[in-house]
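# Chains, contacts and geometry: an overview
Each chain is listed here by its residues.
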Amino acid sequence: MARSIHAVLQRIKGDVAQFVSPELIRAVCATIGHTWRERVLDPVTTVHLFVLQILHGNTACSHVPRLGGVDCTAEAYCLARRRLPLTVLSYLTRALGQFLHASPPVDGGRWRGHRTFLVDGSGVTLPDTKELQREYPQSGTQKPGCGFPAMHLLALFHASTGFLLHVAAAPLRTHDMSRIGQLHPDLRAGDVLVGDRAFCSFAHLALLAARQVFGVFRAHQKQIIDFRPHRRHATPRSRRHGERERPTSRWLKRLGRRDQLVEYVKPRSRPTWLSVEAYAALPGAIVVREIRYTIRAPGCRTRVVTVVTTLLDPEPYPAADVAALYGQRWQIELNFRHLKQTLKMDALHCRTAAGVQKELATYALVYNLVRQVMLEAAGRQQVPVDRISFIDAVRWLADALHGVGALKLRVVPERPGRWEPRAVKRRPKEYDRLNQPRAVLRKLLKRKKVKA
């Protein structure tokens, strides 16, 4: 039965099982005022079947009743999912995420005493319906009728364990910074947020500093950075006279080779994602630290990286350690790969805006449950959690509903110096077919030369 999910989770950690327990699901429904009739597909069974469906790669609705051992049709299951309020799934997902990142195993994976989080954006495709085209329009480079609606996601992960704490959905043509305010409440004083160059702006660094949260971001490509001591900087007046080759930051102190303190001045132009009142409340200038280092590992596309951070003291935060911390940012690409490829979240199936929101919340719930299984197996098998196979954890959790034995997962071999690929295209281009006309042309030219 689908209700055995609760019993399976009790086998790994009883306090995690409470987040899919029948009592909690009924209590959440009663709190929000949702009423239901006592039937086969009540809210408890519907939530458990939804979790089971995602665990099996978001399989077809007609397959779910067989997996859960429930005597119902696919149409009845779809109607039950439609009746289930989004608030129930959102509450379960958020409560589980907050519990997991506040538990002792997660707090044990700190970087120099700080909780560390990763932030980045991604995208998924949706079915081609009028409602989804209106809510999540397709890419502007595609002609109408030649593409699918697309959703932009902004996610916040815990760095050491990979738990998904928050995911914000928006239309495809949305910048990552436009939804960053939804993620800030999940951070508290002393945390460290790591992200790419899209999050490195004066406004974002100032907002994090106001919350006493540290930021480690790659410098924006348009930011001019110069490590010469006592160098001159461009002022608004000099920029009006055509002087644009100097950095706009004011040099303060040299901390080491390619390591310095500078002052960023508040730009006159306000970012569109920030309100007029919020931008006016920001300070006129902030002090940041700029670090530049070189990557000599084979297989890395980027060779020189410049990092901007608010970790100003070089004594507790050496430049080499800050650079190694930013190197962990690549882990979020692997987390997205687990979600989009292993769990098959790259293409959602629901045909309504409310349906894809429920589907997204269930994916986050299942992903965190799988991560908890990995953390439990890592403790039992005495290996780091990143050595545990994600796909094997998914299979164990799905098969444990049918009576699989003790929790013992596959350990990935340690391969130092190996860089995991970012993602595999869902529809790869047929390069052989694209290159075939060129090959044929070369053969024809070669024949003409031989005859001549």
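Overview of the structure.

About the criteria used
Residues numbered from 1 in each chain as written. Predicted model: local features only at pLDDT ≥ 70, side-chain atom pairs only at ≥ 80, totals over all residues. Heavy atoms only, no water. Axes fitted to C-alpha atoms, helices over the stretch in contact; angles between N-to-C directions. Helix = DSSP H or I, 4+ residues; strand = E, 2+ residues; numbered from the N terminus. Parallel < 35°, antiparallel > 145°, perpendicular 65-115°, else oblique. Contact = heavy atoms within 4.5 Å. Nonpolar A, V, L, I, M, F, W, Y, C, P; charged D, E, K, R; others polar. 1 Å grid on protein atoms, 1.4 Å probe; cavity = no way out; pocket = protein on both sides within 12 Å on 5 of 7 lines; lining within 4 Å. Points joined across faces, edges and corners; volume = space filled by probe spheres on them. Salt bridge = Lys/Arg side-chain N within 4 Å of Asp/Glu carboxyl O. Buried < 20%, exposed > 50% of the residue type's maximum accessible area, 1.4 Å probe, protein only. Pairing = 2+ DSSP bridges.

With that out of the way, let us pick up the packing of helix α4 (residues 43-55) against helix α15 (residues 353-381). A pair of packed helices is characterised by two quantities: the angle between their axes and the separation of those axes. It is at 9 Å that the axes of α4 and α15 come closest, and there the two elements cross at 75 degrees. As judged from the angle between their axes, α4 and α15 are roughly perpendicular. Mapping the contact onto sequence places Phe 50, Val 51, Ile 54 and Leu 55 in α4 and Lys 358, Glu 359, Thr 362, Tyr 363, Leu 365, Val 366, Leu 369 and Val 370 in α15. Residues that form the contact of α4 with α15 fall into these classes: nine nonpolar, one polar and two charged.

For the coordinates displayed, the defined rule picks out one cavity of 30 Å³ or more. In this structure, the largest cavity occupies an estimated 60 Å³ of space. Lining the largest cavity, in full, are Leu 153, Ala 155, Leu 164, Val 167, Phe 336, Leu 339, Met 345, Leu 360, Tyr 363 and Ala 364. Of all the secondary-structure elements, those providing two or more residues to the lining of the largest cavity are β2 (150-158), β3 (164-171), α14 (331-342) and α15. Take the lining of the largest cavity: its biggest share by element is three residues, from α15. Residues of the lining of the largest cavity, tallied by class, amount to ten nonpolar, no polar and no charged.

For the rest of this paragraph, the subject is the pattern of salt bridges. Applying the stated criterion across every chain, the model contains nine salt bridges. Ionic pairing is found between Asp 321 and Arg 112, a salt bridge with its closest N-O pair at 2.3 Å. Placement of Asp 321 in helix α13 (residues 319-327) and of Arg 112 in the loop between α8 (104-107) and β1 (116-125) is noted, with a sequence separation of 209 residues between them. Taking the relative accessible area as the measure of exposure, Asp 321 reaches 26% and is therefore partly exposed. Salt bridges sharing common partners tie together Asp 120, Arg 329 and Glu 333.

Taken together, the buried positions of helix α10 (residues 202-210) are Phe 202, Ala 203, His 204, Leu 205, Ala 206 and Leu 208. Summarising the contacts, the buried residues of α10 are in contact with β4 (192-195), β5 (214-218), β7 (259-265), β8 (285-294) and β9 (304-309). Of the residues flanking the end of α10, it is Gln 212, one or two places downstream, whose phi is positive at about 60 degrees.

Of the pairings in the sheet, the one linking strand β6 (residues 250-256) to β7 comprises five bridges and is antiparallel in character. In the strand pairing of β7, Lys 253 is matched with Leu 261. Hairpin connection from β6 to β7: two residues lie between these consecutive antiparallel strands, with Arg 258 at a positive phi of about 55 degrees.

What is shown is where atoms sit, not what they do.
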